[in-house]
Amino acid sequence: MADDITSEITGRCYCGATRLHATETPLSVLYCHCTDCRRASGGPVAAFAAFREGTIAFSPSEGRAISCVPGVIRTFCETCGSPLTGRNDYLPNTVYVPLGLLDQTDRFPPQIHAQDDNRLQWLHINDDLPRHTSSARSKLNE
Ligand SMILES: [Zn+2]
Ligand SMILES: [Zn+2]
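If you're wondering where the values come from, they're calculated on a predicted model, not measured in any experiment.

Draft legend 1. Representation of the environment of tryptophan 122 in the model. Considering the arrangement of structural elements, one finds tryptophan 122 in the loop between β10 (112-114) and α2 (137-140). Residue tryptophan 122 is classed as exposed on the basis of its relative accessible area, which comes to 59%. Separated by 31 residues in the primary sequence, tryptophan 122 and leucine 91 have C-alpha atoms spaced 29 Å apart.

Below is the structure:
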């Protein structure tokens, strides 16, 4: 997807104080079923668009940075607390943005399930996407 730079990608947090703008389409789009993403997002599963570092900008800023797990830094809107970004040490040069922030979410269906072994037992997503029982880091670092 990374070579499609034809149309811009925009988005915002819940309150609108933070805006985002990306100049490249995401490297990948994924569901993550891990408990850490679940808590950070508040939903039964999180979904992210992974952008190449430097191709997405936040205005006025990426917000407040919080790290509760070694190797993981997330940022949240200073005003409303919406999750804005996630970065993992083991997935370098990549910024994970909650899919729901984008204005063009319909254009970016998820391609994989990460951490599917942590999926809630009652959550049934009926698709044929690959399901990784770990972080899918080898797949995401391709
Ligand atoms: Zn996760
Ligand atoms: Zn906000």
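Draft legend 2. Region of the structure containing the side chain of serine 82. Residue position: serine 82 is located in the loop between β7 (72-76) and β8 (83-88). In this structure the side chain of serine 82 is engaged in a polar contact, spanning 3.0 Å, whose partner is the backbone nitrogen of tyrosine 14.

Draft legend 3. Spatial organisation of the coordination of the zinc ion (ligand 2). At the metal site, the zinc ion (ligand 2) is ligated by Cys13 (SG), Cys15 (SG), Cys77 (SG) and Cys80 (SG), and these contacts range over 2.3 to 2.4 Å. Here the donor residues for the zinc ion (ligand 2) map to a single chain with the spacing C-x1-C-x61-C-x2-C. Linking cysteine 13 in the loop between β1 (9-12) and β2 (19-22) with cysteine 80 in the loop between β7 and β8, this pair joins segments that are 67 residues apart in sequence. Judged by relative accessible area, which is 2%, cysteine 13 ranks as buried.

Draft legend 4. View of the sheet that holds β2. With respect to topology, 3 strands assemble into an open sheet ordered β1-β2-β5, the strand pairing being antiparallel. The open sheet has two edge strands with one neighbour each: β1 and β5 (56-59). On average, adjacent strands in this sheet sit at an angle of 15 degrees to one another, irrespective of strand direction. In terms of strand pairing, β1 meets β2 through 4 bridges, oriented antiparallel. Pairing of arginine 12 across the sheet is with arginine 19, part of β2.

Draft legend 5. Local environment of the pattern of salt bridges. By the definition in use, this model includes 8 salt bridges. Across the pair arginine 64 and glutamate 78 runs a salt bridge, and its minimum N-O distance is 3.8 Å. Remark: glutamate 78 occurs in the loop between β7 and β8 and arginine 64 occurs in strand β6 (residues 64-69); sequence separation between them is 14 residues. Among the ionic pairs, arginine 119 bridges to aspartate 116, the shortest N-O distance being 3.1 Å. Looking at arginine 119, the relative accessible area reads 22%, which means it is partly exposed. The exposure class of aspartate 116 is buried, given its relative accessible area of 12%. Three or more residues are tied together by salt bridges with common partners; here these are Asp116, Arg119, Asp127 and Arg131.

Parameters and conventions
What you see as residue numbers is a count from 1 along each chain, following the sequence as written. Chains and ligands are labelled sequentially in the order written, the chains with letters from A and the ligands with numbers from 1. Side-chain atom pairs in this predicted model are given and counted only at pLDDT of 80 or more, local residue features only at pLDDT of at least 70, and totals for whole chains, interfaces and linings cover all residues. Side-chain figures throughout are based on the complete set of non-hydrogen atoms in the structure, without hydrogens or water. Put simply, DSSP H or I for four residues or longer makes a helix, DSSP E for two residues or longer makes a strand, and each gets a number counted from the N terminus. For every residue, the accessible area obtained with a 1.4 Å probe (protein chains only) is divided by the maximum for its type, and the residue is called buried under 20%, exposed over 50%, and partly exposed between those limits. Any pair of nitrogen or oxygen atoms within 3.5 Å is treated as a polar contact; in protein, a donor-acceptor pairing is required on top of that, and neighbouring residues in sequence qualify only through side-chain atoms on both sides. Keep in mind that water is not among the atoms, so a site may look incomplete; donors are the N, O and S atoms within 2.8 Å of the metal, or 3.2 Å for Na, K and Ca. Being paired, for any two strands, means DSSP has found at least two bridges between them. Note on geometry: axes are lines fitted to C-alpha atoms, helical ones only across the stretch in contact, with angles between N-to-C directions running from 0 to 180 degrees. When a carboxyl oxygen of Asp or Glu is within 4 Å of a side-chain nitrogen of Lys or Arg, the pair counts as a salt bridge.

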